[in-house]
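Fold and geometry: a report
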Amino acid sequence: MMRTHRLGTFAVLLLTSVTLRGKRAIAQIAPLDAGTTSGNEYINTELGFRYQFPSGWFVNDTATQEKEVAAGHQVELHRDTSTKASSKGANSCTKNLLFVTQHPPAMGLMGFDSSVFLLAVDPKCIEGAAFPTSVKDHEGVRRTAKQIESHLRKDTVAGTGPLRLRAFDNAGRVMIELSQPLSISVHERGNTTTQSINSSILLMKADPYWVMWWFTSDTDYNLERLRQTKIFFDAK
């Protein structure tokens, strides 16, 4: 039986492995409020938004996420190596906000379980980061997308098709979306399992941080369902 694999399983390592070393400003993301969930809604008043994930999907608690991290799967955000490395002052540059899967985490499935991984990113960790203020800033959109893509370590994740990039407006906020089919390789107990999935990353600015949604699914239908989930900017 093939073990269930979720991209969120790999992506959880974003939370623990993103560091900034050198003389740049120290990331201060740790005190950020992790938000709350109620029903199928995630709320973060500090970042000023609500997010409605699909009804009936399952929020994975911290203990489950830590167990997945311990499994040793690797997808992580590269350290910013543009500055001189230092053995001191390494700080986390991301904060895990939400990990939701279509099925219960303990449920044994054949194949991949669709998921939503939501995290905050401190742009101080990215050299030259400047989020575009308009969807018409095409160069800024491309630059920001390239920065995010280049900082994602893909030792076990590889693109298998063209990267599609678009920017759009949501209630006055610039949203950047990167979509691409992926191939995931998992090495466990001497065996390697490869799974093809669909992936879409959605990025926005919630000053002073960036917020990133990572939608993953093994079907076009579920990915489109995730891409159509709603974000509201009335959380207070």
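Residues numbered from 1 in each chain as written. Predicted model: local features only at pLDDT ≥ 70, side-chain atom pairs only at ≥ 80, totals over all residues. Heavy atoms only, no water.

1. Thoughts on the overall build of the chain
Scanning the chain from terminus to terminus reveals 5 helices and 16 strands. The 236 residues of the chain split such that 47% are buried. Excluding contacts between residues fewer than 6 apart, the proportion of contacts in the chain whose partners are at least 24 apart in sequence is 68%. For the chain, the accessible surface area stands at approximately 11400 Å², while carbon and sulfur atoms represent 50% of it. (Helix = DSSP H or I, 4+ residues; strand = E, 2+ residues; numbered from the N terminus. Buried < 20%, exposed > 50% of the residue type's maximum accessible area, 1.4 Å probe, protein only. Contact = heavy atoms within 4.5 Å. Areas by Shrake-Rupley, 256 points an atom, 1.4 Å probe, with all protein chains shown as cover.)

2. A word on the pairing of strand β8 (residues 94-101)
Across the 8 residues of β8, 8 count as buried, placing the element largely inside the fold. Note that strand β5 (residues 58-59) and β8 share 2 bridges and pair antiparallel. Note on β8: the bridge partner recorded for Val59 is Val100. Direction of pairing for β8 relative to strand β9 (residues 115-121): antiparallel, over a ladder of 7 bridges. Residue pairing for β9: Val100 is matched across the bridge by Val116. (Pairing = 2+ DSSP bridges.)

3. Examining the nonpolar core
General note: in soluble globular proteins, nonpolar side chains tend to be found buried as a group. The biggest cluster of nonpolar side chains holds 25 residues, and the ones touching the most others in it are Leu47, Phe49, Tyr51, Leu118, Val211, Trp213 and Phe215. Broken down by element, the residue count for this core peaks at 4 residues, all from strand β15 (residues 209-217). Here Phe49 is in contact with Tyr42, Ile43, Asn44, Leu118, Met204, Val211, Trp213, Ile231, Phe232, Phe233 and Ala235, once residues within four sequence places are set aside. Core analysis: the second largest hydrophobic core is formed by 17 residues, Leu119, Ile126, Ala145 and Trp210 among them. (Core = buried A, V, L, I, M, F, W, Y, C linked by side-chain atoms within 4.5 Å.)

4. Focus on the side chain of Asn198
Tracing the sequence through the fold places Asn198 in strand β14 (residues 191-206). Take Asn198: its relative accessible area is 16%, and that puts it in the buried class. A distance of 3.1 Å separates a polar atom in the side chain of Asn198 from a polar atom in the side chain of Asp220. Setting aside its immediate chain neighbours within four residues, Asn198 contacts Gln180, Pro181, Phe215, Thr216, Ser217, Asp218, Thr219, Asp220 and Leu223. (Polar contact = N/O pair within 3.5 Å; in protein donor to acceptor, adjacent residues only side chain to side chain.)

5. Notes on the pattern of salt bridges
Overall, the coordinates contain 7 salt bridges when judged by the stated rule. With a closest N to O distance of 2.7 Å, Arg50 and Asp234 form a salt bridge. Of this pair, Arg50 sits in strand β4 (residues 49-52) while Asp234 sits in the segment after β16 (230-232); the two residues are 184 residues apart in sequence, bridging distant segments of the chain. Of the residues examined, Arg50 reaches a relative accessible area of 17% and is grouped as buried. A salt bridge links Arg142 to Glu139, with the nearest nitrogen and oxygen atoms 3.3 Å apart. Here Arg142 and its partner Glu139 are both found in helix α4 (residues 138-151), 3 residues apart, which amounts to about one turn of the helix. (Salt bridge = Lys/Arg side-chain N within 4 Å of Asp/Glu carboxyl O.)

6. Observations regarding the environment of Ile197
With respect to the helices and strands, the residue Ile197 is situated in strand β14. Overall, the relative accessible area of 3% leaves Ile197 in the buried class. Taking C-alpha positions, Ile197 is 5.6 Å from Ser217, a pair spaced 20 residues apart along the chain.

7. Topic: the pairing of β15
Of all 9 residues making up β15, 9 are buried, and the element is well covered by its neighbours. Where burial is concerned, the two faces of β15 agree: the one with Tyr209, Val211, Trp213, Phe215 and Ser217 and the one with Trp210, Met212, Trp214 and Thr216 are both buried. The pairing of β9 with β15 spans 7 bridges and is antiparallel. Bridge assignment links Val121 to a residue of β15, and that residue is Trp210. Two strands pair when backbone bridges link them, and β14 and β15 are joined in this way by 9 bridges, in the antiparallel orientation. Looking at β15, one finds that Ser200 is bridged to Phe215. Count of turn residues in the β14/β15 antiparallel hairpin: 2 residues.

8. Quick notes on helix α5 (residues 220-227)
One full turn of an α-helix is made of 3.6 residues, so residues set three or four places apart face in the same direction. Within the span of α5, buried status applies to Asn222, Leu223 and Leu226. Each buried residue of α5 sits inside an arc of 100° when the element is viewed along its axis, so together they form one side. Residues of α5 that are exposed and angled more than 90 degrees away from the buried face: Asp220 and Tyr221. The inward-facing, buried residues of α5 abut β9, β14 and β15. (Arc of directions from axis to C-beta.)

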